[in-house]
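What the coordinates show
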Amino acid sequence: MPAVFETSSTAIPITFVTKSSWDQVAETLPPAQRQFATSCAFAAKPGGYLALPAPDGAIAQVLFGLDDDTARSRDLFRPGALPGLLPPGTYRFANAPHDTRLAALAFALGTYRFARYRKADRPEVRLVPPDGVDPAEIERIANAAMLARDLINTPSNDMGPEELAAAAQDLAVEFGASFSCTIGEELEKHFPLIHAVGMASSRAPRLIDIGWGDPDHPKVTLVGKGVCFDTGGLDLKPSSGMLIMKKDMGGAANVLALARMVMDAKLKVRLRVLIPAVENAVAGNAFRPLDIFTSRKGITVEIGNTDAEGRLVLADALALADEEKPDLLVDLGTLTGAARVALGPDLPPFYTNDETLAADLARCAVKENDPLWRMPLWPPYDKWLDSKTATITNAPSGGFAGSITCALFLQRFVEHAGSWLHVDIYGWTPSAKPARPEGGECQAARAIYTLLSERYA
């Protein structure tokens, strides 16, 4: 990704203002600029933008409106709108926004454009690193987030299991990590659930495996759902539900983004990344409702619904990860509509029985403006997974607590990890917001990276 930050002695200042501070700021402006702002009816509304002219016609400074400190909901990423507003050039913050580091990150994220299939010029703007902000760290996070966005935004005809594996291999090569793929008969033998979900597609399913770091360091394993397109299988989705199913590999995309951050920062961990990459297709050999498969862990699983495929592929990958007894096991996946009904697209639920991990992650989520909300692994609902003909079903009847029962299903495949964290992400921004364009999104990865940085720097 092109660099966002550069030093310059002639950078154009950006002055942040709010409705409550505007009158005071206006008094400090030269009379001509103050009159220009008045003539333009600039009122410092949140997101309001005005370039003030110098006597020679150049831009003297930029005014940009932020939410008042008393606003019920402040968007700390609002400065991320600036790259789409500013003319080409180099800029600097003349005063402090609400959170200078997050504002700089938002500025970097706001330069993102998905341009693989049509011209979409990236804004030709640069920012002088604000005092106290580490530009290398900001670019590390922003570049990883843009990787996740690119992977999710790529349509499924160009982002199947093989292409997702190639992207993972490119990342492994970049950082000197090991890379392997399990496919074909070996996949069917050792990872029956992954194979079952992907076997109807002409694009072979596989398990991607990346390893990096010192074997003597604490083991951190990341597992990401890589369903490259989800038709729903024989329990076919309606067209409206299938429309953005290219994003169903969003867990894999965000795991790769998180892995990039970890490796680039050289955190002191023994990192493993596991991605079950499949396409849930419809064909004569597709897995069926009430089929039963024996998972890698030996648990027999009855198929209650073929559209609950994400938890199946994650189950086999989690079982493999758990065998190594990692200190921390994390899985990310675009899993349940129930999570969206409960919390909407912007607030993914997370699940863990580790109280310290839960508190630390919640704090990091707030710190990084990467919202997460803890939901319970509610033991009484575990019996809803019972099957009359197998150990468990992948889709309990009734429809209640869908995100919770999915988490409880996955918990059955984790026994030996020191701590386990499950996050049910959406991986998509339905309508554009500052620093967050419509389309694929990096969710939870920044918060988890901050937590890992605190523990394993």
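Worth saying up front: this structure is predicted, and the values here are computed from it rather than measured. (Residues numbered from 1 in each chain as written. Predicted model: local features only at pLDDT ≥ 70, side-chain atom pairs only at ≥ 80, totals over all residues. Heavy atoms only, no water.)

1. Section: the sheet that holds strand S5 (residues 125-127)
In spatial order, the strands read S2-S3-S1-S4-S5; together these five strands make up an open sheet with mixed pairing. Edge positions in the open sheet fall to strand S2 (49-53) and S5, since each of these has one partner strand only. Across the sheet, the mean angle separating the axes of adjacent strands is 30° when strand polarity is ignored. As defined by bridge partners, strand S1 (residues 12-17) adjoins strand S3 (residues 59-65) across four bridges and the pair is classed as parallel. Its bridge partner being in S3, threonine 15 is matched across the sheet by leucine 63. Running at roughly 145° to S2, helix H2 (residues 31-39) makes contact with S2 and S3 of the sheet. (Pairing = 2+ DSSP bridges. Helix = DSSP H or I, 4+ residues; strand = E, 2+ residues; numbered from the N terminus. Axes fitted to C-alpha atoms, helices over the stretch in contact; angles between N-to-C directions. Contact = heavy atoms within 4.5 Å.)

2. Regarding the side chain of threonine 306
As for its position among the elements, threonine 306 is in the loop between strand S12 (300-302) and helix H10 (310-323). Looking at threonine 306, its side chain comes within polar contact range of the main-chain nitrogen of leucine 234, at 3.2 Å. For threonine 306, the residues in contact, after removing those within four places along its chain, are Gly232, Gly233, Leu234, Asp235, Asn280, Phe287, Arg288 and Pro289. (Polar contact = N/O pair within 3.5 Å; in protein donor to acceptor, adjacent residues only side chain to side chain.)

3. Let's talk about the packing of aromatic side chains
Geometry of an aromatic ring pair is reported as the spacing of the ring centres plus the angle between the planes. A full pass over the atoms with the stated rule returns seven aromatic pairs. Their ring planes at 80° and their centres at 6.3 Å tell us that phenylalanine 16 and phenylalanine 64 sit as a pair that is edge-to-face. On the criterion of sequence distance, the pair formed by phenylalanine 16 in strand S1 and phenylalanine 64 in strand S3 is long-range, its members being 48 residues apart. Given a relative accessible area of 4%, phenylalanine 16 falls into the buried group. With relative accessibility at 0%, the residue phenylalanine 64 sits in the buried group. Look at tryptophan 22 and phenylalanine 42: their rings are 5.1 Å apart centre to centre, the planes differ by 80°, and that puts the pair in the edge-to-face class. With a gap of 20 residues between them, tryptophan 22 in helix H1 (residues 22-28) and phenylalanine 42 in the loop between H2 and S2 connect regions that are remote in the sequence. Both residues of the pair, tryptophan 22 and phenylalanine 42, count as buried. (Phe/Tyr/Trp six-rings, centres within 6.5 Å; stacked < 30°, edge-to-face > 60°. Buried < 20%, exposed > 50% of the residue type's maximum accessible area, 1.4 Å probe, protein only.)

4. Brief notes about the pairing of strand S17 (residues 419-424)
By the criterion of burial, S17 is predominantly enclosed, with six of the six residues buried. Because side chains alternate across S17, one face comprises the buried residues Ser419, Leu421 and Val423, and the other comprises Trp420, His422 and Asp424, equally buried. The sheet contact formed by strand S13 (residues 328-333) and S17 spans six bridges and is parallel. Looking at the pairing, aspartate 331 lines up with histidine 422 of S17. As paired strands, strand S14 (residues 349-351) and S17 are joined by two bridges and run antiparallel to one another. Note that in S17 the partner of tyrosine 351 across the bridge is histidine 422.

5. Observations concerning the UniProt feature "domain: Cytosol aminopeptidase" (unreviewed entry) in the chain
UniProt tags residues 305-312 as "domain: Cytosol aminopeptidase" (unreviewed entry). What you have in residues 305-312 is 38% helix and 0% strand, and the ends, taken at the C-alpha atoms, are 11 Å apart. (UniProt positions renumbered as here; feature names shortened; annotations may be inferred.)

6. Things to note about the nonpolar core
The biggest cluster of nonpolar side chains holds 90 residues, and the ones touching the most others in it are Leu164, Leu271, Ile448 and Leu452. A domain-level breakdown of this core finds at least three residues from each of domain 1 (12-133) and domain 2 (140-456). With near-sequence residues (within four places) excluded, leucine 452 lies in contact with Val220, Leu258, Val262, Leu267, Leu328 and Ala457. (Core = buried A, V, L, I, M, F, W, Y, C linked by side-chain atoms within 4.5 Å. Domains from an automatic or database assignment.)

7. What to know about the domain arrangement of the chain
According to the domain assignment, the chain contains domain 1 (12-133) and domain 2 (140-456). Each of domain 1 and domain 2 was reduced to a C-alpha centroid, and the two centroids are 37 Å apart. At the junction of the two partners, domain 1 supplies 19 residues and domain 2 supplies 18 residues. In total, about 1600 Å² of surface goes out of reach between domain 1 and domain 2, with carbon and sulfur atoms giving 61% of it. On the domain 1 side of the contact with domain 2, Phe77, Leu109 and Tyr112 bury the most area, a combined 39% of that side's loss. Taken together, domain 1 and domain 2 are joined by three salt bridges. In this structure, arginine 101 engages glutamate 368 in a salt bridge whose closest nitrogen and oxygen atoms are separated by 2.8 Å. Our enumeration of links across domain 1 and domain 2 arrives at seven residue pairs in polar contact (both at pLDDT 80 or more). Residues of the side of domain 1 that touches domain 2, tallied by class, amount to 11 nonpolar, three polar and five charged. (Buried area = accessible area lost by both parts, 1.4 Å probe. Salt bridge = Lys/Arg side-chain N within 4 Å of Asp/Glu carboxyl O. Nonpolar A, V, L, I, M, F, W, Y, C, P; charged D, E, K, R; others polar.)

8. Let's talk about the sheet that holds S12
Ordered in space as S11-S12-S16, the three strands form an open sheet in which the pairing is mixed. Each end of this open sheet is capped by a strand with a single partner; those strands are strand S11 (292-294) and strand S16 (392-393). Direction of pairing for S11 relative to S12: antiparallel, over a ladder of three bridges. Within the sheet, the bridge partner assigned to isoleucine 292 lies in S12 and is glutamate 302.

9. Overview of unusual backbone geometry
Notably, leucine 290 is not glycine yet its phi reads approximately 75°, a positive angle. When its relative accessible area of 60% is taken as the criterion, leucine 290 is described as exposed. In this structure, lysine 325 is a non-glycine residue whose phi angle is positive, near 55°. Mapped onto the fold, lysine 325 is located in the loop between H10 and S13. Residue class for lysine 325 comes out exposed when judged on its relative accessible area of 54%.

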